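Structural description and commentary
Below are the chains, spelled out letter by letter.
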Amino acid sequence: ILLESFRMETTMQVGYVIPKEWGLGNYVNLIKNTNFVKWYTNTLIIAIAVSLIQTFTVFCVSYTLSRMRFNGRKLLMNISLVLGMFPGFITLIVLYNILSDLGMTGPGAVPGLILVYTASSGMGFHVAKGFFDTVPKSLDEAAYLDGCTKFQVFTKVTMPLSKPIIVYTV
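Overview of the structure. (Residues numbered from 1 in each chain as written. Predicted model: local features only at pLDDT ≥ 70, side-chain atom pairs only at ≥ 80, totals over all residues. Heavy atoms only, no water.)

A few points about the overall build of the chain
Note the following rule: Helical segments are the DSSP runs of H or I of at least four residues, strand segments are the runs of E of at least two, and each set is numbered from the N terminus. Taken over C-alpha atoms, the radius of gyration is set against a globule rule of 2.2 Å times the number of residues to the power 0.38. Classification of residues uses two cut-offs on accessible area relative to the type maximum, computed with a 1.4 Å probe and protein chains only: under 20% is buried, over 50% is exposed, and between them is partly exposed. The contact criterion used throughout is that any non-hydrogen atoms of two residues lie within 4.5 Å. The protein chains shown are the only cover counted for residues, whose accessible areas, like all others here, come from Shrake-Rupley with a 1.4 Å probe. Only four residue types enter the charge count: Lys and Arg as positive, Asp and Glu as negative, with His and the chain ends excluded. Each charge is placed at NZ for Lys, CZ for Arg, CG for Asp and CD for Glu.
Scanning the chain for helices and strands turns up ten helices and zero strands. The linear arrangement of helices and strands in the chain, starting from the amino end, is α-α-α-α-α-α-α-α-α-α. A compact globule built from 170 residues would reach a C-alpha radius of gyration of about 15 Å, whereas the chain, at 24 Å, exceeds it by more than 25%. Along the longest, intermediate and shortest principal axes, the C-alpha atoms of the chain span 70 × 40 × 30 Å. Every one of the 170 residues in the chain was classed for burial, and the buried ones make up 24%. Put simply, 58% of the contacts in the chain that link residues at least 6 apart link residues at least 24 apart. Accessible surface, the chain: about 12,100 Å² in total, of which carbon and sulfur atoms supply 70%. Seen as two clouds, the 13 positive and the 8 negative side-chain charges of the chain have centres 6 Å apart.

Regarding the side chain of D140
Relative to the helices and strands, D140 is located in helix 8 (residues 137–145). Judged by its relative accessible area of 4%, D140 falls in the buried class. Setting aside its immediate chain neighbours within four residues, D140 contacts Y63, R67, V153 and T158.

Structural notes on the packing of aromatic side chains
Rules: Aromatic contacts are taken between Phe, Tyr and Trp rings whose centres are within 6.5 Å, Trp giving its six-membered ring; a plane angle under 30 degrees counts as stacked, one over 60 as edge-to-face, and the others as tilted.
Tallied over the full model, the rule gives seven aromatic pairs. Ring centres 6.2 Å apart and planes at 35 degrees place the aromatic pair F6 and W22 in the tilted group. Here W22 lies in the loop between helix 1 (2–5) and helix 2 (25–33) and F6 lies in the loop between helix 1 and helix 2, a separation of 16 residues in the sequence. Geometrically, the ring pair formed by Y63 and F154 is tilted, given 4.7 Å between the ring centres and 50 degrees between the ring planes. Taken as a pair, Y63 in helix 3 (residues 36–67) and F154 in helix 9 (residues 150–161) lie far apart in primary sequence, 91 residues in all. Using a relative accessible area of 5% as the deciding quantity, one classes Y63 as buried. The exposure class of F154 is buried, given its relative accessible area of 10%.

Some details on the nonpolar core
Rules: Residues grouped as a nonpolar core are buried Ala, Val, Leu, Ile, Met, Phe, Trp, Tyr and Cys residues, joined through side-chain atoms within 4.5 Å.
Formed by 14 residues in total, the largest nonpolar core has its most connected members in F59, A128, F132 and F154. Put simply, the parts of the chain that give this core at least two residues each are helix 3, helix 7 (125–134) and helix 9. Not counting residues up to four positions away in its chain, the partners in contact with F132 are F59, S62, Y63, S66, R67, F154, T158, M159 and S162. I46, A49, V50 and I114 belong to the second largest nonpolar core, which has five residues in total.

Here is the structure:
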């Protein structure tokens, strides 16, 4: 594919892999005659925003489900597991209508895409929860004795020990 992008010959099919005429004309054409820079910028914005929001959300949910015991915890995990078995395109028409009503389609599609991609990453907490279950709770208890709040335990004790799952989730 990379060699094909530098090919300056006009024929569609050739019997050789390495181009006989080299050039950057395809790249010049791409940048001059399309909105490629805008498309790439939008993709970069969406990827960074979704990565940050998704990582924060997944870690908050997984840490809460791993460390705290509350009514409905098991039910919540089971419901999310069952809902994760259905393909996402089942809700495609309804989702489009909702985003259209909110004005997040067409030219204003970037916030809508960020919302959809972030919301569709809900199953990621199962893996992170499994990782947080392996971090010893005695570290949390020691931090509580030292006067840390639950948020401080999460940010100053658990997260520094969780670099592998952070890299995986991001």
